[in-house]
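Letter by letter, the chains look like this.
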Amino acid sequence: MARSSADDMELKRGCEAGILAKGDRDKVVMTMRVAKGRGGWGKAGKLASRHMAKPRVLAITTKQKGQKTKAFMRVLKYSHGGVLEPAKVYKIKHLSKIEVVQNDPSGCTFLLGFDNLRSQSVAPPQWTMRNKEDRNRFLMCILNICKEHLGSIPKVVGMDVVEMAIWAKENTTTKVTQATNKDGPVESVVLESESNVTVEKDLVSQAEEEDIEALLSNYVMAIGEAEAFSERMKRELVALESANVYALIETESVVEEVLQGLEIASVCVEDMDEWLGIFNIKLRHMREDIQSIEWRNNRLELQSDSNVALINELDKLLELLQIPPEYEASLTGGSFDEGNMIKNIEACDWLTLAIKNLEASNLDPIYVKLRAVREKRAEFVLLKCTFVRRASEFLRNYFPSLIDSMLNDKANFSQRGHLQRPDHADMRNKCRTYARLLQHIKSLDKSCMIPLRKAYCHSLNLLIRRESREFSNELRNSSKASKSSTPLFEGPAGANQPASITDSPADAYSKMITVFIPLLVDESSFLAHFMCFEVSTVSQSDANAEATSTSSVTLEASSSIGKTSNNPAELGLLNECLKELLDGIQEDFYALVDWAFKLDPLSCISMHGITDRYLSGQKAEVSGYVQLLLDDLETRITILFSRFVDDACYQIEKYERNVRQIGVVPYIPRFSQLAARMEQYINGSRDLVDQAYTKIVTIMFVILEKIAQVEPKYVDIVLLENYAAFQHSLYDLANVVPTLAKYYHQASEAYEQACSRHINLVIYIHFEKLFQFARRIEELMYNMSPEEIPFQVGMSKVDFRKMLKSSLAGLDKTINAMYRKLQKNMTAEELLPSLWEKCKKEFLDKYATFLKLISKIYPDEKVTSVNEMRDILASL
């Protein structure tokens, strides 16, 4: 016989390695190779195999945990490399049944039932051993562990426990040890063949086995001979049959009594069955009646619940359709006085909500086509039209009456000797009372807002124009500014002097701008809020650092309106209303600007700076018309100042047609006076002034060049004197004004060029032969060497000595004549010293160049040196 797999130590070590790989350190008691199959329960508790068997290894393991020992049955399967790996673990304490499959003739197949399996409807796996020996060894190991550690054994089906004990006793040498449990001392049997089982308890104790043998020995079976035993059994069978017949005969009377009782009982049963049938019919009829009653009762309950729900829905609908009497009175004929506005607003809120609730989108579809709903919706619309018409008519009359009351009060306007700043706070407070009313009018009928906006803008326009006209007139009347003596470019040179600007007309313009621009911005913002334009309003408190701070306009009544992004269509409508609101006020600003220009054209510089500062401060789109007004003012101021600049340029151009000018042109010192005065007027941006400088100075230089060309003989003298005068008069301003600094440097360059030309002319006039001889030498040196030049015609040493004698003879007289030549026709005596120094330096440079040429051509000739010539010039 092949060796049992229970004795295969390699298999045991493989199982230990597989269990250890999973992190468990159990002790392997027994291992056995098996074939795993799957079966189904039959009527007799048998299994019918339905699956192909799979090779597995069953391992019985124990684990010591404190004083307790836990036992497991582990199922291991072979991996691809032939290595055992754990597949499943069963706890022995949950083993409830061991059943040997009866339809396996070999008796080697069994199954193990555990009471903790999740699905008891799925048949447990069946295990097939190689032979009965392996089966018995494996099952005995399990039974011994259960009895030793659990105190009980599972149910065994399909095999005899006593037969198993006898097999264990025959195939295993045992030694008896004494153990103690709760019932007293118990003998245990140690199976020597199970190398891994130390102490196992037998199924039948030794004492029980001895009692069974004694009982069997008392009963003499006498089965030594089969024939004798068979005869004995026949005799006993006949005796038993005879005894049975005799017993039947003796009990006949009893049987008859029993039969009579059965007949009586049968009759009673039949009567009872008939009664039960009758009762069943009656009960069936009662059941049908009860069902009918319940059905009718359910219908009544459903009808009652439906009626209650219908009444509730109708009550809700009636709440929507019913007009409260107090609201109806306010909507149809109530007063719009300030005291009644709270009631009117509440009525508007109710009407708006009622119309919204009756819209098809907010109403249940089953109510949309109801006649009552349609009629009420039409009634609400009619009520809305009536209220909107009444409210619009009231507001169209209210706005003009409010403005008329302000127009009739002279205290609201500037008067002679008193400037009155416009104050619209009281008017706005009164208007705010009707802000919510306007919101409801817009939500109920948007088309009614157009005439209301026109009425408001037209009325307020009359007030603002009256205020601006009176304010502007009083500014002009109360101003102490007189006609300014602005420097002109005509007349005697010293006729016009810069005047003080303490009473400049630009101050009146600044007051006008400071008062009215914030007012117009606030009115624009208030209009956007009050008249419910869907644009975001950014109210500006300060237009600039000098402007009077004004609080931003907010409407408490419109606090429910959230910030909205600017709608182009709404913004266009707002601009149209702003134009109607502020149209005409620009005429008062234009008149003030023209008046200031007539008094002092240079005040345009200050007015332009003030306007530009306010213009750069306008950020809100709702004040777009105010920005247009400032743009027009800036353009008008620029045009007026350009007219002044053009007039100045025209006066400068007139000098070209005059007779020959001697000395400094008058417009140069006058320009310095004009520039100094213009700088005093700058208030902010200096672009306007810089443009004027550029235009005037450009014309000045062009005309100066033309004037100088009238007498070609004195061109350089006229230019150097005038450019010097330009630099002298604008020296201080050029240090701080970049535009003038540019022209200052341009005049400096032109001055240097004119000086150089004039000095060269004077030098050549008095030393013509000397420098002509030097020029001839330079021309000859291009074609020949210096040694050949003395042999040319007119270039010999004798010619050189004659030229030198004639040029340097009477040198002091010649130099004095050159100084007098410079002095002649010079009107600016202060320029002569610097001009004479430049002349001496230029002459010495030219003379030094002449000596270098002579030293190359006539090295042996003695000529006055540069130092000697410098000493001579210094002594004169």
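Residues numbered from 1 in each chain as written. Predicted model: local features only at pLDDT ≥ 70, side-chain atom pairs only at ≥ 80, totals over all residues. Heavy atoms only, no water.

Taking an unreviewed UniProt entry as the reference, the chain is identified by name as Exocyst complex component Sec3 PIP2-binding N-terminal domain-containing protein belonging to Panicum virgatum. Taken verbatim from the UniProt record of the chain, the Sequence similarities (unreviewed entry) comment is "Belongs to the SEC3 family." (UniProt positions renumbered as here; feature names shortened; annotations may be inferred.)

Peer 1: Tell me about the overall build of the chain, residues and numbers included.
Peer 2: When helices and strands are counted, the chain shows 28 helices and 11 strands. Every one of the 876 residues in the chain was classed for burial, and the buried ones make up 41%. Contacts in the chain between residues far apart in sequence, at least 24 positions, make up 70% of those at least 6 positions apart. (Helix = DSSP H or I, 4+ residues; strand = E, 2+ residues; numbered from the N terminus. Buried < 20%, exposed > 50% of the residue type's maximum accessible area, 1.4 Å probe, protein only. Contact = heavy atoms within 4.5 Å.)

Peer 1: Talk me through the packing of helix α12 (residues 435-444) against helix α13 (residues 449-478); I want residue IDs and the actual numbers.
Peer 2: Contact geometry of α12 with α13 gives a least axis separation of 10 Å together with a crossing angle of 145°. Along the contact surface, α12 presents L438, I441 and K442, while α13 presents M449, L452 and R453. In the contact of α12 with α13, the residues fall into four nonpolar, no polar and two charged. (Axes fitted to C-alpha atoms, helices over the stretch in contact; angles between N-to-C directions. Nonpolar A, V, L, I, M, F, W, Y, C, P; charged D, E, K, R; others polar.)

Peer 1: Help me get a handle on the confidence of the model for the chain, residues and values and all.
Peer 2: For the chain, per-residue confidence averages 78 on the pLDDT scale, and 82% of positions sit at 70 or higher. Of the regions scoring below 50 in pLDDT, residues 492-502 engages in 19 contacts with residues more than four places distant in sequence or in other chains. Predicted confidence for residues 538-564 stays below pLDDT 50, and this span has 57 contacts to residues more than four positions away or in other chains. (pLDDT = per-residue confidence, 0-100.)

Peer 1: Give a description of the packing of helix α14 (residues 506-530) against helix α16 (residues 586-599) that names residues and reports values.
Peer 2: Packing of α14 against α16 leaves a shortest axis separation of 10 Å and a crossing angle of 160°. Comparing their axes, α16 and α14 come out roughly antiparallel. Crossing geometry of α14 relative to α16 is assigned as left-handed. Each of A508, Y509, M512, I513 and F516 in α14 lies in contact with α16, whose residues at this interface are D588, F589, L592, V593 and W595. (Parallel < 35°, antiparallel > 145°, perpendicular 65-115°, else oblique. Left-handed = near helix turned anticlockwise from the far one by under 90°.)

Peer 1: Which residues make up the packing of aromatic side chains, and what values do they have?
Peer 2: Tallied over the full model, the rule gives 28 aromatic pairs. Ring plane angle 10° and centroid distance 6.4 Å describe the contact between F671 and F726, whose orientation is recorded as stacked. Of this pair, F671 sits in helix α19 (residues 667-681) while F726 sits in helix α21 (residues 715-729), placing them 55 residues apart in sequence. Given a relative accessible area of 1%, F726 falls into the buried group. (Phe/Tyr/Trp six-rings, centres within 6.5 Å; stacked < 30°, edge-to-face > 60°.)

Peer 1: Talk me through the nonpolar core; I want residue IDs and the actual numbers.
Peer 2: One finds L437, Y456, L527, F641, F671, F726 and F850 to be the most contacted residues of the largest nonpolar core, which totals 176 residues. Per-element tally for this core: the top contributor is α14, with 15 residues. Counting residues in hydrophobic clusters, the runner-up holds 33 residues, among them A6, I60, F138 and L139. (Core = buried A, V, L, I, M, F, W, Y, C linked by side-chain atoms within 4.5 Å.)

Peer 1: Before we move on, could you go through a nonpolar patch on the surface and cite the residues and values that matter?
Peer 2: A grouping of M272, W275, L276, I278, F279, L283, M286 and I290 is seen on the molecular surface, where their side chains present a nonpolar patch of about 800 Å² in accessible area. By the secondary structure assignment, F279 is in helix α6 (residues 252-321). Residue class for F279 comes out partly exposed when judged on its relative accessible area of 47%. (Patch = residues over 30% accessible without salt bridge, like charges linked within 9 Å, V, L, I, M, F, W, Y side chains within 5 Å. Areas by Shrake-Rupley, 256 points an atom, 1.4 Å probe, with all protein chains shown as cover. Salt bridge = Lys/Arg side-chain N within 4 Å of Asp/Glu carboxyl O.)

Peer 1: Go over the environment of N760 with me, naming the residues and quoting the values.
Peer 2: Mapped onto the elements of the fold, N760 is located in helix α23 (residues 738-766). When its relative accessible area of 19% is taken as the criterion, N760 is described as buried. The spacing of N760 and F843 is 83 residues in sequence and 8.3 Å in space, taken between C-alpha atoms. Not counting residues within four places of it along the chain, the set of residues in contact with N760 comprises E842 and K846.

Peer 1: Can you lay out the side chain of T109 for me, pointing to particular residues and giving the numbers?
Peer 2: Along the chain, the position of T109 falls in strand β7 (residues 109-114). On the accessibility criterion, T109 (6% relative accessible area) is buried. A distance of 2.5 Å separates the side chain of T109 from the side chain of D104, its partner in a polar contact. A polar contact is formed between the side chain of T109 and the side chain of T128, at a distance of 3.0 Å. With sequence-adjacent residues up to four places away left out, T109 is seen in contact with V100, V101, D104, Q126, W127 and T128. (Polar contact = N/O pair within 3.5 Å; in protein donor to acceptor, adjacent residues only side chain to side chain.)

Peer 1: Could you give me a rundown of α12, with the residues and numbers involved?
Peer 2: Across the 10 residues of α12, eight count as buried, placing the element largely inside the fold. Here α12 has its buried residues at A435, L437, L438, Q439, H440, I441, K442 and L444.

Peer 1: Can you tell me about unusual backbone geometry, naming the residues and giving the values?
Peer 2: In this model, C532 sits at a positive phi of 60°, which is unusual for a non-glycine residue. Using a relative accessible area of 7% as the deciding quantity, one classes C532 as buried.

Peer 1: Help me get a handle on the pattern of salt bridges, residues and values and all.
Peer 2: A full pass over the atoms with the stated rule returns 19 salt bridges. The partner of D24 in a salt bridge is R74, and the shortest N-O contact between them spans 3.4 Å. With a gap of 50 residues between them, D24 in the loop between α1 (9-21) and β1 (27-41) and R74 in strand β4 (residues 68-78) connect regions that are remote in the sequence. Residue D24 is classed as partly exposed on the basis of its relative accessible area of 26%.

Peer 1: Summarise a positive patch on the surface; cite the residues concerned and give the values.
Peer 2: Residues K63, K65, K68, K70, K91 and K93 make up a contiguous surface patch of positive charge. For the positive patch, the secondary structure elements donating two or more residues are β3 (54-65) and β4. Here K70 lies in strand β4. (Lys, Arg positive; Asp, Glu negative; His and termini not counted. Charge placed at Lys NZ, Arg CZ, Asp CG, Glu CD.)

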